Amino acid sequence: MHIKNFRMREIRKLKELQIESGVLNTEALMLVLKRKSFPDKVVRVFKYLDAQEDPNVMAKKLYVVTALNTPNPYQEIEELVIPDSIIYVDNLIAGFGVPLIENHKNFGAIIQNPNIPLKEKIPYLQQLGNIIDKVQRVDASKNRFQFGDLNEFNFIIDGNDKVKAIDLDSAYLGVGEPLDMAYYLLRNDYITNFIKKHNSNKYKVTDSGIIIPNDDTDLYCYNMIVLKALSKENIYKQDINTYYQYLEYLRLLGLPSDLIESFNNIYIPKENSNPKDILDQIDPSLEEKLDFKEFIKTFKI
């Protein structure tokens, strides 16, 4: 793993990585580093660490990055873009460097783009499902990898149309309290209510109320990403009654029953499933009807 120390004046001279409109990036400055003496990198300098305001968060991220750079089976998954450099600014740890992937597109920008037809999004969604499946099939007795903050903006599509996972410093390896910044899990009252209602190990929270990442939470996030692509809406924000009404609407439209079951299982005491192999059974001609706005009109909600 590389270690690179910059002066602040050097950081200010680096160009920011061009990010598509609408892509979430509240955590870090994304800077492009190209030096003859150093492999091309994207340098993530965390905004909130300018004055080392939250060293606790930095320590957790450093643990994850260091563990991922120690020989482990996850390094064999080529779709994981693992940070391979620690970045210091004026002798203070400030972020991480990852290999620069030229000519990429953000996965989230593709998924939420209304001008890209669903039939073009489905292969990307399936690739994402395959990455999750590869990670969950790894036999790791300790330091088991969970994406933690699994959301569509933390994946990119490279110049060869291959989906890759980025921002892996936010992963969870089963040690200590997880970071409280997961897009789909942060202050998720529906999962919290599930935990209160059911005597189940499916979802768990820490004493401070943070949802602990596991295979089920990662699959929860994936199912929500698929639903967002279908509905053009953040379905995870809908109340439970509306959520299940929308699932019934999808059933009436003729979506595969196994796909409906995968969505249905999210809020019941049953393991979540990965619907990647079912997605190509969706009839692309239903795209307009799948829109959440059409559901609202039909059910007069």
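Parameters at a glance
Residues numbered from 1 in each chain as written. Predicted model: local features only at pLDDT ≥ 70, side-chain atom pairs only at ≥ 80, totals over all residues. Heavy atoms only, no water. Helix = DSSP H or I, 4+ residues; strand = E, 2+ residues; numbered from the N terminus. Buried < 20%, exposed > 50% of the residue type's maximum accessible area, 1.4 Å probe, protein only. Polar contact = N/O pair within 3.5 Å; in protein donor to acceptor, adjacent residues only side chain to side chain. Phe/Tyr/Trp six-rings, centres within 6.5 Å; stacked < 30°, edge-to-face > 60°. Pairing = 2+ DSSP bridges. Contact = heavy atoms within 4.5 Å. Axes fitted to C-alpha atoms, helices over the stretch in contact; angles between N-to-C directions. Expected span 1.5 Å × (residues − 1). Arc of directions from axis to C-beta. Parallel < 35°, antiparallel > 145°, perpendicular 65-115°, else oblique. Nonpolar A, V, L, I, M, F, W, Y, C, P; charged D, E, K, R; others polar. Core = buried A, V, L, I, M, F, W, Y, C linked by side-chain atoms within 4.5 Å.

Account for the side chain of aspartate 169, naming residues and giving values.
Note on placement: aspartate 169 falls in the loop between strand S9 (163–165) and helix H5 (189–197). Judged by relative accessible area, aspartate 169 falls into the buried class, the value being 1%. One polar contact links aspartate 169 to lysine 61, side chain to side chain, over a distance of 2.6 Å.

Requested: an account of the packing of aromatic side chains, with residues and values cited.
Counted according to the given criterion, the structure contains 21 aromatic pairs. Arranged with centres 5.3 Å apart and planes meeting at 80°, the rings of tyrosine 243 and tyrosine 267 form a pair that is edge-to-face. A residue pair is termed long-range when its members are at least 10 positions apart, and tyrosine 243 in helix H7 (residues 240–253) and tyrosine 267 in the loop between helix H8 (257–264) and helix H9 (287–290) qualify at 24 residues. Accessibility classification places tyrosine 243 together with tyrosine 267 in one group, the buried group.

Residues and numbers for the sheet that holds strand S7 (residues 105–106), please.
Where strands meet in a sheet, backbone hydrogen bonds hold them as pairs that are either parallel or antiparallel. With antiparallel pairing, the three strands of this open sheet are ordered in space as S7-S8-S9. Two strands close off the open sheet at either side, each with one partner strand: S7 and S9. Across two bridges, the pairing between S7 and strand S8 (residues 155–157) is antiparallel. For lysine 105, the partnering residue across the bridge sits in S8 and is isoleucine 157. Relative to S9, helix H4 (residues 118–137) is tilted by about 40°, and along the sheet it contacts S7, S8 and S9.

Can you lay out H7 for me, pointing to particular residues and giving the numbers?
For H7, built from 14 residues, the straight-helix expectation of 20 Å at 1.5 Å per residue is met to within 8% by its first-to-last C-alpha distance of 20 Å. Listed in full, the buried residues belonging to H7 are Thr242, Tyr243, Tyr246, Leu247, Tyr249 and Leu250. Looking straight down H7, one finds that the buried residues subtend no more than 155° of arc, so they occupy a single side. Among the exposed residues of H7, those pointing more than 90 degrees away from its buried face are Asn241 and Leu252. Looking at the buried side of H7, the elements it contacts are helix H6 (215–231), H8, H9 and helix H10 (292–299). The distance from a side-chain oxygen at the start of H7 to the backbone nitrogen of asparagine 241 is 3.1 Å, and the residue carrying that oxygen is aspartate 239.

How would you summarise the packing of H7 against H8 if you had to cite specific residues and measurements?
Two elements in contact, H7 and H8, have axes separated by 10 Å at closest approach and are oriented at 175°. As the angle between them shows, H7 and H8 are arranged roughly antiparallel. On the side of H7, the interface is formed by Tyr243, Tyr244, Leu247, Leu250 and Arg251, while H8 contributes Ile260, Phe263 and Asn264. Classifying every residue of the contact of H7 with H8 by side-chain character gives six nonpolar, one polar and one charged.

Quick one: what's the story with the nonpolar core, residue by residue and with numbers?
Leu80, Phe107, Phe147, Tyr220, Met224, Tyr246 and Leu250 are the most contacted members of the largest nonpolar core, which totals 68 residues. The element that contributes the greatest number of residues to this core is H6, accounting for ten residues. Core analysis: the second largest hydrophobic core is formed by eight residues, Phe6, Leu33, Ile87 and Val89 among them.

By themselves, these are just geometric observations and shouldn't be taken as functional.
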